[in-house]
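# Overview (structure and organization)
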Amino acid sequence: MKNRFKILNAVVLVVILTACTDSIATKSNEKMAKKSIEISDQQMDKLGITNREYLSAASKRALQWPTNLGNEWFIEFSGPQSLKGDLAHEPGVVRRDPSAMIKENGKYYVWYSKSIGKTQGFGGDIENEKVFPWDRCDIWYATSEDGITWKEEGMAVPRGEKGAYDDRSVFTVEIMKWEGKYYLCYQTVKSPYNVRVKNQVGLAWADSPNGPWTKSKEPILSPADNGVWKGEEQNRFMVEKKGDFDSHKVHDPCILPYKGKFYLYYKGEQMGEEITFGGRQIRHGVAIADNPKGPYVKSPYNPISNSGHEICVWPYNGGIASLITTDGPEKNTIQWSPDGINFEIMSSIKGASHAIGLNRTADNEKEPTEILRWGLTHMYNNYDEQSIMRFTSKRRTTHKAKGVK
């Protein structure tokens with residue numbers, strides 16, 4: 001019994017000494033942290049810091065910002081504004097997720113998802129009814145001389161034959177022109193469309209923006225295969241193992257030629273996706289290929305964002321810029337990476353348009369956000385009817401009260 005008490009007293013003594021040591025180390029680190037942060041008078045004035053010796057967590061974060069960080073990345077969005085012609089709101093029709101615009105033969109071209117009919121969700125007959133607005137879509141395209149009045153030219157890429165990886169829906173398309181050829185990448189779904197279905201990415205190519213388009217026989221990108229569902233119930237939140245950030249879906253693909261290779265940016269959804277302090281657990285990734293048709297290899301650095309939704313990326317100043325919207329702790333920011341992988345926040349914005357179709361004819365090197373001056377987006381007229389719209393943006397560099405010149 002005495003030996004037990006001796007052992008117990010020794011354990012208690014070790015715990016007390018450890019706690020004291022940790023406390024001393026913590027206080028020492030705090031003192032060192034205070035000494036290591038050097039604050040100039042200019043920083044004090046610019047950031048409005050009252051006392052060098054008493055720094056709040058917010059002030060410490062502010063002191064980590066680059067000293068030359070300006071407002072050249074800060075913009076404000078306006079819109080959406082209705083389009084004219086065939087892309088105006090049409091009862092009973094879903095047109096959504098416009099691609100970027102390119103200009104050929106004096107006309108703008110845009111591609112988009114199109115479907116008709118009501119959306120019934122997963123409570124109806126999933127074999128014969130639409131479960132989402134982007135279900136049972138084909139990819140269509142339209143042209144315009146002014147970006148406002150559009151003519152629908154017809155279907156570009158249809159769904160595949162029954163049994164194919166894209167037999168249920170092809171949607172959320174993006175365009176890339178490279179060496180005289182045109183490439184469309186897009187999401188695909190194979191029937192049956194249930195809540196655990198795994199989206200993939202397909203590719204089509206043509207010698208003309210008017211087609212005809214040749215589709216890839218197999219997907220060029222698929223979800224990670226390392227998550228494990230729990231049970232057989234069609235519940236996407238029940239998992240035994242979540243897997244990688246893209247273990248459930250790969251969405252919103254966009255291919256950019258970059259540094260002699262092809263960077264396929266995409267949105268990943270994880271099995272058992274959670275709601276975090278920033279909202280839905282959505283992140284972006286990138287896969288890289290030597291050829292536009294692939295094979296695409298996912299970067300070992302994935303995920304390359306901790307937030308976002310639809311992919312909106314463009315080249316700038318030797319790197320890649322990205323508009324991050326909707327979900328996650330860094331939503332509503334514009335970020336930039338010098339290498340296309342490691343992104344840093346350049347500005348925090350509000351009111352960003354969703355599912356942006358960039359104007360690729362813009363001079364994206366003129367200034368960081370020139371490519372966002374105008375473009376296309378989509379709007380829910382209601383859940384069964386969606387239409388493509390136009391947005392604009394402008395730089396915001398000053399703040400003045402009404403009536404002040």
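Our subject is the structure listed above.
Residues numbered from 1 in each chain as written. Predicted model: local features only at pLDDT ≥ 70, side-chain atom pairs only at ≥ 80, totals over all residues. Heavy atoms only, no water.

### Re the sheet that holds strand S8 (residues 169-178)
The condition is simple: When DSSP finds two or more bridges between a pair of strands, those strands are recorded as paired. Labels follow the DSSP assignment, with helices taken as runs of H or I lasting at least four residues and strands as runs of E lasting at least two, numbered in each case from the N terminus.
Ordered in space as S8-S9-S10-S11, the four strands form an open sheet in which the pairing is antiparallel. Edge positions in the sheet fall to S8 and strand S11 (214-215), since each has one partner strand and no second. Relative to strand S9 (residues 181-189), S8 runs antiparallel, the two sharing eight bridges. Within the sheet, the bridge partner assigned to Met-176 lies in S9 and is Tyr-183.

### Regarding the environment of Asp-167
Put simply, the rule is: By the convention used here, residues are in contact when the closest approach between their heavy atoms is within 4.5 Å. Under this definition, polar contacts are N or O atom pairs within 3.5 Å; protein pairs additionally need one hydrogen-donor-capable and one acceptor-capable atom, and for neighbouring residues in sequence, both atoms have to be side-chain atoms.
Along the chain, Asp-167 falls in the loop between strand S7 (149-157) and S8. Dropping the residues within four chain positions of it, Asp-167 is found in contact with Arg-159, Gly-160, Glu-161, Lys-162, Val-189, Lys-190 and Ser-191. Side-chain polar atoms of Asp-167 contact the backbone nitrogen of Gly-163, separated by 2.9 Å.

### A look at the pairing of strand S15 (residues 261-269)
Worth spelling out the cut-off: Think of it in three bands: residues with accessible area under 20% of the maximum for their type are buried, residues over 50% are exposed, and the middle band is partly exposed, with areas taken using a 1.4 Å probe on protein chains only.
The buried fraction of S15 is high, at eight of nine residues. Across eight bridges, strand S14 (residues 249-258) lies against S15 in antiparallel orientation. Each bridged residue has a counterpart across the sheet, and for Tyr-258 the counterpart in S15 is Lys-261. The hairpin formed by S14 and S15 contains two residues between the paired strands, and Lys-259 there has a positive phi angle of roughly 55 degrees. Two strands pair when backbone bridges link them, and S15 and strand S18 (residues 282-289) are joined in this way by eight bridges, in the antiparallel orientation. Bridge pairing in S18 links Tyr-263 to Ile-288.

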